[in-house]
Amino acid sequence: MTAGDGPVRLTSTSPVALIEIDNPPVNATSQAVRAGLLAAIQEVERNPQIEAAVIACAGRTFVAGADIREFGQPPREPHLPDVIDAIEDSSKPVVAAVHGTALGGGCEIALACHARIAEPSASFGLPEVKLGLVPGAGGTQRLPRLVGLEAALDLVSSGRMVKAAEALRLRLIDRISSRDLRQEATELARELIGKPIRRTGEQVVAGIDSQSASAKVAEIRRKARGAEAPGRAAELALLAADLPLKEGMARERETFLALRGSEQSAALRHAFFAEREVTRLPGLDGVEPRPVQKVGIVGAGTMGSGIAIAFADAGFDVKVVETSEQALSAGEARITDTYEKQFASGRLSAAARGERLQAIGYAVGTSSLSDRDLVIEAVFEDLDVKRALFRDLDTILKPGTILATNTSYLDINLIAAATSRPADVVGLHFFSPANVMKLLEIVRTDATADDVVATGLALAKRLRKIPVVCRVCDGFVGNRILSRYRQQAEYLLEEGALPHEVDAALESFGFPMGPFAVSDLAGLDIAWARRKRLAPNRDPRERYVDIADRLCEAGRFGRKTGAGWYRYEGGKREIDPVVTALVEEASQRRGLTRRTISAEEIQSRIRTAIVNEACKILDERIVERPLDVDVVMMNGYGYPAWRGGPLFEADRVGLQFILDQAKERAELDGPGWEVAEGLVRRVASAEKFYP
Ligand code: 3HC
């Protein structure tokens, strides 16, 4: 018999019934799913023909969690913890049959079942902290009861997913299926009939001493850089060793509900949906992407190699070309080395390493690129060099091939104009390391065809990257904002702050690293070369801070030379009196009396600079929506996701407030100070970023 016309179906075969959840796209536990699941469990309990049950899901995945879209609304009964308790309390064994991803509430359902079996490709996780939450349906209490405190602390506070093999090792699951998941789950359920039921909530957790517990929580908080949820989740997990399930769950629920209404959770939910929304560009509905399988990469330096790896990892046929044998073999060595390291650390199997290496071919000269569907250049950042290359490619590539440039600053309109097919030219701006960083700026010129933009978005999906489509301007979205942010950081130096003070203020804002530490890591020489190139065109009225130039003149290019904004001894970053002296001299040259600048002022000024530039970017229609800016800053530049990105945060803080602060500090009219014109215009239009 099959019952239930909602998203949960009960097939009451004897002796093992099947409870199937079918709520596309990801079987989230909406109110209808919770009600259906509860009714099904009650029927299993009531029906004497049924002696055990299997919970499985239709479609692409097991339950991927609570329905995030319901979080803004008042909770409706039945609540997930009650449904899950009913599963655990069942007097008949219930087995979870997991495929796809069992996340959040889905993982919590599985934890409360009496046994768990999963397909080898399945994964498990409690990613609630990534939404600014703690698990809210027993996850923090049941997980330690299955896997122990150490593993549970890691999983609940990081939100990381584990694959079936690791889940089995951790004892999170009991079996991995080798043939047919549902059939094997049914067999497991049959085996459990008549045996004492093993309820997760009744298991005992070995505690850890309070000193190491506090140390662990402190470490988790430090790593969370201002995000509240990871520390709270860890504290809750620790309770599992001391409190009975019911009490622990009551504490968990209280925290869950409090965090659900928090600013941080609202920001992280915004981040979650914004990362998906960027892939849906207004005006591109129904535009078919071009088929791409054969990809050419011109340039085998750091960027080109990273891009080649990203494409090979995603199953493309890749050809890397260089101008000389020497450069080509250096590139090949770089790529091979990356794969060897992944293999040595266990992240890649020998078979996968072989496949990836096989997928990449190498050649000298561009002539071998004639069969490619897409060619990406990652050569020296110089307009003439790139234009010459595109002119050459234009004569070689077949019609319809997409020509992409990985430039980070140059005018792609001018690069496109060097070809006879500007509609096929687009910017694909990867971030370094290109095989790791998630962000991809897709830059359309005035001439780029819609289906080329659509292809960029489709490629991003295959590469598992987060794409943001923008138009041409100096530095596009991210680097354009970054240069304002850096500029402001340097103004702060001249006015009284020191590099480590600026870095510390921004690290406590939530950035993984402050701008000067980042610059030392990336190397100061590249930006120096660019500044020298742009110097002839610089507006003489612009307030130009030359401290970085002086560091470079002294050969201080950052970590790689042992000194930059800091000095490095044994790899450790240390404040350098030489830099302090240079900074003080710079203030003197500018005629500024140095003053103490608070961390709060540093944070606020950097935020103003970022938001101001973002307003201009929106005004100029470089991107279509504010969320595009947020996604760039969170995924490419370390803007803390728990703040939701600069524009989401600006709305919350209030644009008028940000502007008032800037006015108070006279940022609007001080000599050479940045004029906050973007902000001023936006405030005058009284438009919010988000409705
Ligand atoms: N609630 C509502 N919608 C969800 C959702 C959820 N939990 N998870 C995914 N979706 C939606 C997405 O918004 C997207 O919708 P769209 O097509 O309209 O944009 C669609 O499902 C498909 O999602 P993806 O594009 O992300 O598909 P992928 O295949 O790339 O990834 C996934 C699937 C791994 C499940 C990924 O969507 C994911 O990580 N989802 C979030 C999982 C999560 O955070 N769960 C915890 C929720 S909180 C919770 O459970 C609280 C509990 O403790 C009480």
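Residues numbered from 1 in each chain as written. Predicted model: local features only at pLDDT ≥ 70, side-chain atom pairs only at ≥ 80, totals over all residues. Heavy atoms only, no water.

Asker: How should I be thinking about the overall build of the chain in this particular structure?
Answerer: Secondary structure assignment for the chain yields 28 helices and 20 strands. Referenced to the eigenvectors of the C-alpha coordinate spread, the extents of the chain come out at roughly 85 × 60 × 55 Å. The 691 residues of the chain split such that 56% are buried. Summarising the internal contacts of the chain: among those between residues at least 6 apart in sequence, 73% fall at separations of at least 24. Accessible surface, the chain as shown: approximately 29000 Å² in total, 52% of it carbon and sulfur. Of the side-chain charges in the chain, 89 are positive and 96 negative, and the distance between the mean point of each set is 1 Å. (Helix = DSSP H or I, 4+ residues; strand = E, 2+ residues; numbered from the N terminus. Buried < 20%, exposed > 50% of the residue type's maximum accessible area, 1.4 Å probe, protein only. Contact = heavy atoms within 4.5 Å. Areas by Shrake-Rupley, 256 points an atom, 1.4 Å probe, with all protein chains shown as cover. Lys, Arg positive; Asp, Glu negative; His and termini not counted. Charge placed at Lys NZ, Arg CZ, Asp CG, Glu CD.)

Asker: Looking at this structure, how should I read the packing of helix H11 (residues 263-277) against helix H25 (residues 626-636)?
Answerer: For any two helices packed against each other, one specifies the inter-axial angle together with the distance between the axes. Running from N to C, H11 and H25 point in directions that differ by 105°, and their axes come no closer than 9 Å. When the axis of H11 is compared with that of H25, the two are roughly perpendicular. Note on element contacts: H25 touches H11 through Leu627, Asp630, Val631, Met634 and Asn635, opposite His270, Ala271, Ala274, Glu275 and Glu277. (Axes fitted to C-alpha atoms, helices over the stretch in contact; angles between N-to-C directions. Parallel < 35°, antiparallel > 145°, perpendicular 65-115°, else oblique.)

Asker: Explanation requested: the pairing of strand E17 (residues 439-444) in the structure shown.
Answerer: A regular strand places its side chains so that they alternate between the two faces of the sheet. Most of E17 is tucked away: six of the six residues are buried. Both faces of E17 are covered, namely the face carrying Leu439, Glu441 and Val443 and the face carrying Leu440, Ile442 and Arg444. Here four bridges tie strand E16 (residues 425-430) to E17, and the two strands are oriented antiparallel to one another. When the bridges of E17 are listed, His429 appears paired with Glu441. Where E17 meets strand E18 (residues 466-471), six bridges bridge the pair, whose relative direction is parallel. Its bridge partner lying in E18, Leu440 is registered against Pro467. (Pairing = 2+ DSSP bridges.)

Asker: Honestly, the packing of aromatic side chains in this entry has me stumped. Any pointers?
Answerer: Centre-to-centre distance and the angle between the planes together describe a pair of aromatic rings. Tallied over the full model, the rule gives twelve aromatic pairs. The rings of Tyr485, Phe509, Phe511 and Tyr639 are connected pair by pair, giving a single aromatic cluster. For Arg530, the ring lying beneath its charged end belongs to Tyr409, and the centroid distance is 3.5 Å. A cation over an aromatic ring shows up here: Arg643 above the ring of Phe509, its NZ or CZ 3.6 Å from the ring centre. (Phe/Tyr/Trp six-rings, centres within 6.5 Å; stacked < 30°, edge-to-face > 60°. Lys NZ or Arg CZ within 6 Å of the ring centre and 35° of its normal.)

Asker: It is not clear to me how the environment of Arg60 should be interpreted in this structure. Could you clarify?
Answerer: Looking at the secondary structure, you find Arg60 in the loop between strand E4 (52-57) and helix H2 (80-89). Separated by 34 residues in sequence, Arg60 and Val26 place their C-alpha atoms 7.0 Å apart.

Asker: Sorry, what's going on with helix H4 (residues 139-147) here?
Answerer: Turn by turn, an α-helix covers 3.6 residues, leaving residues three or four places apart pointing in a common direction. Most of H4 sits out of view: nine of its nine residues are buried. Along H4, the residues classified as buried are Gly139, Thr140, Gln141, Arg142, Leu143, Pro144, Arg145, Leu146 and Val147. As for H4, its buried residues are in contact with H2, helix H3 (105-112), strand E7 (115-118), helix H5 (149-158), helix H9 (229-239) and helix H10 (245-260). Gly148 sits one or two positions beyond H4 and adopts a positive phi of about 90°.

Asker: Would you explain the domain arrangement of the chain in this entry?
Answerer: The extent of an interface is frequently quoted as the accessible surface area lost upon association of the parts. When its domains are assigned, the chain resolves into domain 1 (2-196 + 206-261), domain 2 (294-472) and domain 3 (479-547 + 576-684). Using C-alpha coordinates to define each centre, domain 1 is positioned 42 Å away from domain 2. (Domains from an automatic or database assignment.)

Asker: Teacher, can you tell me more about the site of the ligand here?
Answerer: Contacts to the ligand come from 25 residues, most closely from Arg60, Ala66, Glu108, Glu128 and Arg276. For the ligand, an oxygen atom lies 2.8 Å from a polar atom in the backbone of Ala66. In isolation the ligand offers 990 Å² of accessible surface; the protein chains occlude 76% of this area. The set of elements that each furnish at least two residues to the shell around the ligand consists of strand E6 (101-103), H3 and H11. Among the elements that line the shell around the ligand, the one with the most residues is H11, at three residues. (Near = heavy atom within 4 Å. Polar contact = N/O pair within 3.5 Å; in protein donor to acceptor, adjacent residues only side chain to side chain.)

Asker: Looking at this structure, I do not really get the packing of H4 against H10. What am I missing?
Answerer: Packing of H4 against H10 brings their axes to within 8 Å, and their N-to-C directions diverge by 135°. Taken together, H4 and H10 sit at an angle that is classed as oblique. Residues Gly139, Thr140, Gln141, Arg142 and Arg145 of H4 touch H10, and the partners they reach there are Leu245, Gly248, Met249 and Glu252. Looking at the contact of H4 with H10 residue by residue, the class counts come to two nonpolar, four polar and three charged. (Nonpolar A, V, L, I, M, F, W, Y, C, P; charged D, E, K, R; others polar.)

Asker: What should I look at first to understand the pattern of salt bridges in this one?
Answerer: It is possible for side chains of opposite charge to pair when their charged atoms get near one another. What the rule picks out here adds up to 61 salt bridges. The closest approach of N and O atoms between Glu613 and Arg484, which form a salt bridge, is 3.3 Å. Placement of Glu613 in helix H24 (residues 599-619) and of Arg484 in helix H18 (residues 478-495) is noted, with a sequence separation of 129 residues between them. We classify Glu613 as buried; its relative accessible area is 3%. Put simply, Arg682 and Glu687 hold a salt bridge, and the shortest N to O gap is 3.8 Å. Looking at Arg682, the relative accessible area reads 10%, which means it is buried. (Salt bridge = Lys/Arg side-chain N within 4 Å of Asp/Glu carboxyl O.)

Asker: Before we go on, may I ask you to explain the side chain of Arg142 in this structure?
Answerer: As for its placement among the helices and strands, Arg142 is situated in helix H4. You can call Arg142 buried: its relative accessible area is 1%. Arg142 has contacts with Ile84, Asp85, Glu88, Leu111, Ala112, Ala137, Thr200, Gly201, Leu245 and Met249, leaving out every residue within four places of it along the chain.

Asker: What's the story with the side chain of Arg556 in this structure? I'm lost.
Answerer: Topologically, Arg556 is positioned in the loop between helix H22 (547-553) and strand E19 (567-569). Here the side chain of Arg556 touches Tyr566 through a polar contact of 3.4 Å, landing on its backbone oxygen. Apart from residues lying up to four places away in sequence, Arg556 is in contact with Leu524, Leu551, Thr561, Ala563, Gly564, Tyr566, Arg567, Asp576, Val578 and Val579.

Asker: Teacher, can you tell me more about the nonpolar core here?
Answerer: Within soluble globular proteins, side chains that are nonpolar generally end up buried alongside one another. Membership of the largest hydrophobic core comes to 90 residues, with the highest contact counts inside it found for Val477, Val502, Trp565, Ile602 and Val629. In terms of residue count, the dominant contributor to this core is H24 (eight residues). Both domains that furnish three or more residues to this core are identified here as domain 2 (294-472) and domain 3 (479-547 + 576-684). Those residues in contact with Val502, other than ones at most four positions away along the chain, are Ala489, Leu492, Leu493, Ala497, Pro515, Phe516 and Ile602. By size, the runner-up hydrophobic cluster in this structure holds 70 residues, among which are Ile21, Ile41, Cys57 and Val162. (Core = buried A, V, L, I, M, F, W, Y, C linked by side-chain atoms within 4.5 Å.)

Asker: Hey, could you run me through the sheet that holds strand E11 (residues 294-298) in this one?
Answerer: Strand pairing in a sheet relies on backbone hydrogen bonds, with the paired strands running either antiparallel or parallel. Across the sheet, eight strands lie side by side as E13-E12-E11-E14-E15-E16-E17-E18; this open sheet has mixed pairing. This sheet does not close on itself; its edge strands, each paired only once, are strand E13 (360-364) and E18. Neighbour-to-neighbour, the strand axes of the sheet open up by a mean angle of 25°, direction not taken into account. One ladder, built from three bridges, connects strand E15 (residues 402-405) with E16; its direction is parallel. Its bridge partner lying in E16, Ala404 is registered against Val426.

Asker: What's the story with the sheet that holds E6 in this structure? I'm lost.
Answerer: Pairing is mixed across the open sheet formed by three strands, whose spatial order is E6-E8-E9. The outermost strands of the open sheet, each flanked by one partner alone, are E6 and strand E9 (162-163). Where E6 meets strand E8 (residues 123-125), three bridges bridge the pair, whose relative direction is parallel. The residue of E8 that forms the bridge with Thr101 is Ser123. Sheet contacts for H3: E6 and E8; angle to E6, the most-contacted strand, approximately 90°.

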